[in-house]
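# Residue-level structural notes
Listed below are the residues making up each chain.
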Amino acid sequence: GENVEQHPSTLSVQEGDSAVIKCTYSDSASNYFPWYKQELGKRPQLIIDIRSNVGEKKDQRIAVTLNKTAKHFSLHITETQPEDSAVYFCADQTGANNLFFGTGTRLTVIP
Amino acid sequence: NAGVTQTPKFQVLKTGQSMTLQCAQDMNHEYMSWYRQDPGMGLRLIHYSVGAGITDQGEVPNGYNVSRSTTEDFPLRLLSAAPSQTSVYFCASTSAQNTEAFFGQGTRLTVV
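A few points on the structure. (Residues numbered from 1 in each chain as written. Chains lettered and ligands numbered in written order. Predicted model: local features only at pLDDT ≥ 70, side-chain atom pairs only at ≥ 80, totals over all residues. Heavy atoms only, no water.)

## Some details on the pairing of strand β5 (residues 43-51) of chain B
All names here are of chain B.
- Within β5, 7 of the 9 residues are buried, which leaves it mostly tucked inside the rest of the structure.
- Direction of pairing for strand β4 (residues 31-37) relative to β5: antiparallel, over a ladder of 6 bridges. Bridging from a neighbouring strand, Met32 pairs with Ser49 of β5.
- Following β4, the chain reverses through 5 residues before pairing antiparallel with β5; Gly40 in that reversal takes a positive phi of roughly 75°. (Buried < 20%, exposed > 50% of the residue type's maximum accessible area, 1.4 Å probe, protein only. Helix = DSSP H or I, 4+ residues; strand = E, 2+ residues; numbered from the N terminus. Pairing = 2+ DSSP bridges.)

Set out below in structure tokens:
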């Protein structure tokens, strides 16, 4: 089955610094790559996504890059704020709208 | 518009008991799915449905049954609960036109 690996598992940054989370996937047919943010005790919520025909997408302080050849994609958060502290999950989609998730990154932004 | 609604939010079961986790969506989405979330393992797909009357297995289907008699509802059944099924369960729905998955608020299940 599909395998999505995510690193690092924990990440601490000073407020205002940047954070980068990286994921790799195995299925070359994957065509959609979302990132979800999950606050403690809450449901996962989509923060940004990218499709396989696009190399980069940006939304204010958040950006995602995709390298199809290498089968990896990354989440970049700039000017981090304490409210960015959460667990972030990458995922990919291969067909039938099935999402396969990475194991998550716990981001802590230190004020 | 409530989105995706799951009940109950919390449940404690004894080993061997059965129960049904309810999931309903009011967005007329065709695709619905169930995930379990365990520490350090992300979200793993249990079962999914691409429309009413159609269900299929995901990554970790053993011990769970589903049905999809209507577009709105997608219940998850545990026939004989085991401690290994202690987890947080999330239901999600997606439209055919948009790939964003909308999650319910989750059910924290403990099997003792």
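Following the structure, the description resumes.
## Brief notes about the layout of surface pockets
- Of the volumes computed, that of the largest pocket is approximately 720 Å³.
- Gln38 and Leu40 of chain A together with Gln37, Val88 and Arg108 of chain B are, among the 31 residues lining the largest pocket, the residues nearest its centre.
- Secondary-structure elements contributing two or more residues to the lining of the largest pocket are β9 (86-93) and β11 (105-110) of chain A together with β9 (87-94) and β11 (107-111) of chain B.
- Of the residues assigned to the lining of the largest pocket, the class counts are 10 nonpolar, 15 polar and 6 charged.
- Taken as a whole, the second largest pocket holds about 170 Å³ of empty space.
- Taken together, 13 residues line the second largest pocket, and the ones lying closest to its centre are Asn3, Val4, Phe101 and Thr103 of chain A together with Glu59 of chain B.
- If you list the elements that add at least two residues to the lining of the second largest pocket, you get β1 (4-7) and β10 (99-101) of chain A together with β5 of chain B.
- Residue composition of the lining of the second largest pocket, by class: 5 nonpolar, 4 polar and 4 charged. (1 Å grid on protein atoms, 1.4 Å probe; cavity = no way out; pocket = protein on both sides within 12 Å on 5 of 7 lines; lining within 4 Å. Points joined across faces, edges and corners; volume = space filled by probe spheres on them. Nonpolar A, V, L, I, M, F, W, Y, C, P; charged D, E, K, R; others polar.)

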